[in-house]
Structure formats: C-alpha cells, structure tokens
Amino acid sequence: YSGEVADSRVLCHGDLHPGSIMVNQEDGTVKIIDPEFTVYGPPGLDLGSLLSGFVLAAVHHAFSGAETSAAAVRSLRAGAAGIWGAYTDSMGAGGIAPATVAKIGAEAVGFTVAEVCRTALGFAGGRKWLQFGDEATKAAAVKCAMGIVQRCMTGRHQGGMGVLFMELDALASP
C-alpha cells in the first residue's frame, strides 16, 4: 500500500442507507444487508450515503408540521453525530491520522449532499423522502434540501462534517 488513505479506494457497500442496516434490539448486533452494489470506491462513499438518509429524514420532519418535529430533527442529528463519532473513533483506533479522517469527512459530506440532491429532485428511484400531500410544503422542503446541498457542497472543504451538523441544527431551530 502506498499513498494516503483518503485518496485510495476501499471496499464499499455501494448503497448504504438506513434501510440497509438491521439492528437486533435484543443483543445489539448489527447486520448490513443488500450487498449487490458493492464496489471499490472512496472511503467517504458509504458514510455519505448513510448520512443522506438522516438529512432527508430531518428535512421531512422539519416540514411535517408535527409538534414533535424539532425533537425528531434533534434525534436524527444526534444519530448522525453518533455515526460520525464511531467512524472517527474506529479510524483513529486503526491508526488513521486525524487530518486524513477530516479529509474523508469532507468527502463524505459531498456524497451526503449529492444523494440529498438526487433524492430531492426525484432522481432516486423509489426513494420518496420529501413527499407531502400539500404541494407548497413539498416545494418548501425541496427548496430547503437544495439549500443544504449548496451550503454543504461549497463549505465542506473548510468546515468538514461540522457544516452538515450546523445545517441539521438549523433545521431543529423553531
């Protein structure tokens, strides 16, 4: 092996999203299913794909009009932060330098918002995260998602994963 981990290719699930992860509530074991899209790709690919589900769910909850919307968004933000924390801990335990992990994080934010964009614009097949009965609500949710895409795509190299978390925090604010 030569070169930096962040610039290399690793074995990736290829379509990792919340529906691909099964957790046994009794013993806490985790299984990842549906490996048919497995590829060698950038280290941030699967992390970004997984986090896109959290962002899309947060946008959906923010526009759902439910009394519990802010709490749901905060819970999703906490879950995303937990995933990022576990990722950084695992990478550090594996000897990966913090600067390299930060570079992978910025890359993962790019993959996150690319998937958010694809889904918000209706190009993600059967994924319908931002479907609402009211067209004005749907349009507002899509506009919000696209704003997150723009700010994260342009700010990720300076702010890394923190940019994504700031966007989730903003969604939870009344």
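The coordinates are above.
Reading guide: rules and limits
- Sequence order sets the numbering: in each chain, residues are counted from 1 along the sequence as written.
- The predicted origin of the model limits local features to residues at a pLDDT of at least 70 and limits the giving and counting of side-chain atom pairs to 80 or more, whereas totals for whole chains, interfaces and linings rest on all residues.
- Based on all heavy atoms of the structure, the side-chain values leave hydrogens and waters out of the count.
- Secondary structure is summarised from DSSP: a helix means a run of H or I of at least four residues, a strand means a run of E of at least two, and numbering begins at the N terminus for each.
- Our radius of gyration looks at C-alpha atoms and nothing else; its globule reference is 2.2 Å times the residue count to the power 0.38.
- Cysteine sulfur pairs qualify as disulfides if the two atoms are within 2.5 Å.
- Among buried residues, the Ala, Val, Leu, Ile, Met, Phe, Trp, Tyr and Cys ones that are joined through side-chain atoms within 4.5 Å form a nonpolar core.
- The rule is simple: take the accessible area with a 1.4 Å probe, protein chains only, and divide by the maximum for that residue type; under 20% is buried, over 50% is exposed, in between is partly exposed.
- Contacts are assigned to residue pairs with any non-hydrogen atoms lying within 4.5 Å of each other.
- In this analysis, the expected span of each helix is defined as 1.5 Å times one less than the number of residues it contains.
- Think of a salt bridge as a Lys or Arg side-chain nitrogen and an Asp or Glu carboxyl oxygen that are within 4 Å of each other.

### A closer look at the overall build of the protein
Then, number 1: Within the protein, the secondary structure is distributed over 5 helices and 4 strands.
Then, number 2: Each helix and strand of the protein, ordered N terminal to C terminal, gives the series β-β-β-β-α-α-α-α-α.
Then, number 3: Whereas a compact globule of 174 residues would reach a radius of gyration of roughly 16 Å, the protein reaches 16 Å, a difference of no more than 12%.
Then, number 4: Projecting the C-alpha coordinates of the protein onto the three principal axes gives extents of approximately 55 × 40 × 30 Å.

### Some words on the state of the cysteines
Then, number 1: Across all of its chains, the model carries 0 disulfides by this definition.
Then, number 2: Cys117 forms no disulfide, and the closest cysteine sulfur to it belongs to Cys152, at a distance of 12 Å.
Then, number 3: Residue Cys144 stays outside any disulfide, its sulfur separated by 11 Å from that of Cys152, the closest cysteine.

### Let's talk about the nonpolar core
Then, number 1: By size, the foremost hydrophobic cluster in this structure holds 41 residues, and its most contacted members are Leu130, Ile148, Met161 and Leu171.
Then, number 2: The biggest single contributor to this core is helix α1 (residues 45-62), with 9 residues.
Then, number 3: When neighbours within four sequence positions are excluded, Leu171 is seen to be in contact with Ala58, Val59, Ala62, Val73, Cys144 and Ile148.

### Topic: helix α5 (residues 161-172)
Then, number 1: The end-to-end C-alpha distance of α5 is 17 Å, a good match for the 16 Å that 12 residues give at a rise of 1.5 Å each.
Then, number 2: Within α5, burial applies to Met161, Val163, Leu164, Phe165, Glu167, Leu168, Leu171 and Ala172.
Then, number 3: Each element contacted by the buried residues of α5 is listed here: α1, α2 (69-93), α3 (98-120) and α4 (135-159).

### Topic: unusual backbone geometry
Most peptide bonds are trans, and most residues other than glycine sit at a negative phi.
Then, number 1: Even without being a glycine, Asp34 presents a positive backbone phi close to 60°.
Then, number 2: Inspection of the secondary structure assignment puts Asp34 in the loop between β3 (30-32) and β4 (39-41).

### Re the pattern of salt bridges
Then, number 1: If you walk through the whole model with that rule in mind, you get 3 salt bridges.
Then, number 2: Note that Asp169 and Arg77 form a salt bridge whose closest N and O atoms lie 2.7 Å from each other. Placement of Asp169 in helix α5 and of Arg77 in helix α2 is noted, with a sequence separation of 92 residues between them.
Then, number 3: What makes Arg77 partly exposed here is its relative accessible area of 23%.
Then, number 4: A salt bridge links Arg151 to Glu167; the nearest nitrogen and oxygen atoms lie 2.7 Å apart. Within this pair, whereas Arg151 is found in helix α4, its partner Glu167 is found in helix α5, the two being separated by 16 residues in sequence.

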